[in-house]
Amino acid sequence: QVHLVESGGGLVQAGGSLRLSCAASGRTFSSYAMGWFRQAPGKEREFVARISWSGGSTYYADSVKGRFTISRDNAKNTVYLQMNSLKPEDTAVYYCACQRTTGWRVEVDDYGYWGQGTQVTVSS
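A quick note: this is a predicted structure, and the numbers were derived from the prediction, not measured. Every chain begins its residue count from 1, and numbering advances along the sequence as written. For a predicted model such as this one, the threshold for reporting local features is a pLDDT of at least 70, and the threshold for listing and counting side-chain atom pairs is 80 or more; totals across whole chains, interfaces and linings nevertheless cover every residue. To get the side-chain values, all heavy atoms of the structure are used, and hydrogens and water are removed first.

**Student:** Provide a residue-level description of the pattern of salt bridges, including the pertinent values.
**Tutor:** Salt bridges are identified by distance alone: a Lys or Arg side-chain nitrogen within 4 Å of an Asp or Glu carboxyl oxygen. Scanning all chains against the criterion turns up 4 salt bridges. We note a salt bridge from Glu46 to Arg38, for which the minimum N-O separation is 2.6 Å. Taking the relative accessible area as the measure of exposure, Glu46 reaches 36% and is therefore partly exposed. By relative accessible area, which is 5% here, Arg38 ends up buried. Residues joined by salt bridges that share partners form a network here, namely Arg38, Glu46, Arg67 and Asp90. Per-residue accessibility, obtained with a 1.4 Å probe over protein chains only, is compared with the maximum for each type, and a residue is labelled buried under 20%, exposed over 50%, and partly exposed between these values.

If you want it as structure tokens, here you go:
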């Protein structure tokens, strides 16, 4: 069992930056690939970024590639999402989750132990 808590969201102007954190409890955290997802009002939850259990491999949605960076510190049981050059369309609740299936997966159904989310609002 893993318990996840996201933090770091807030209100920022377009072009600004935020760094989200996802703190995990549970000794098995380092064995999971981790993902960040987001959900805007009236829309389905969508994939943002994924990082392998070791941190050696990452993958991004096309919409955030080159602007967002996912990283992890297994010693601190924490995953991060550095978000730069933010756009109004990045406005959403951001969630972290553990991948609970094998292979390289980016679908919502392949992830579990969802956190409560943190709101990111980008003003124009």
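Don't stop here, the text continues.
**Student:** How would you sum up the packing of aromatic side chains? Please name residues and give values.
**Tutor:** Under the pairing criterion, centres of Phe, Tyr and Trp rings, with the six-membered ring standing for Trp, must be within 6.5 Å; the plane angle then separates stacked pairs below 30 degrees from edge-to-face pairs above 60, leaving the rest tilted. Evaluation of the coordinates by the stated rule reveals 7 aromatic pairs. Look at Phe37 and Phe47: their rings are 5.7 Å apart centre to centre, the planes differ by 75 degrees, and that puts the pair in the edge-to-face class. Placement of Phe37 in strand E4 (residues 34-39) and of Phe47 in strand E5 (residues 46-51) is noted, with a sequence separation of 10 residues between them. Comparing Phe37 with Phe47, the two get one shared label, buried. Secondary structure elements are defined from DSSP: runs of H or I of at least 4 residues count as helices, runs of E of at least 2 residues count as strands, and each element is numbered from the N terminus.

**Student:** Tell me what's going on with the state of the cysteines, and back it up with residues and numbers.
**Tutor:** Any pair of cysteine sulfurs within 2.5 Å is marked as a disulfide. By the definition in use, this model includes 1 disulfide. Bridging Cys22 to Cys96, the disulfide has an S-S length of 2.0 Å. Taking the torsion about the sulfur-sulfur bond, which here is approximately 65 degrees, the covalent link between Cys22 and Cys96 counts as right-handed. Here Cys22 is found in strand E3 (residues 18-25), whereas its partner Cys96 is found in strand E9 (residues 92-99), with 74 residues between them in sequence. Like Cys96, Cys22 is buried.

**Student:** Describe the nonpolar core, and please don't skip the residues or the numbers.
**Tutor:** The set of buried Ala, Val, Leu, Ile, Met, Phe, Trp, Tyr and Cys residues whose side-chain atoms join them within 4.5 Å is what this entry labels a nonpolar core. Judged by nonpolar contacts, the single largest core of 35 residues is most densely connected at Leu4, Met34, Trp36, Leu81, Met83 and Tyr94. Those elements giving two or more residues to this core turn out to be E3, E4, E5, strand E7 (68-73), strand E8 (78-83), E9 and strand E11 (118-123). A per-element tally of this core places E9 first, with 5 residues. Residue contacts are counted whenever heavy atoms from the two residues lie within 4.5 Å of one another. For Leu4, the residues in contact, after removing those within four places along its chain, are Cys22, Ala23, Ala24, Met34, Cys96, Ala97, Cys98, Tyr113, Gly115 and Gln116.

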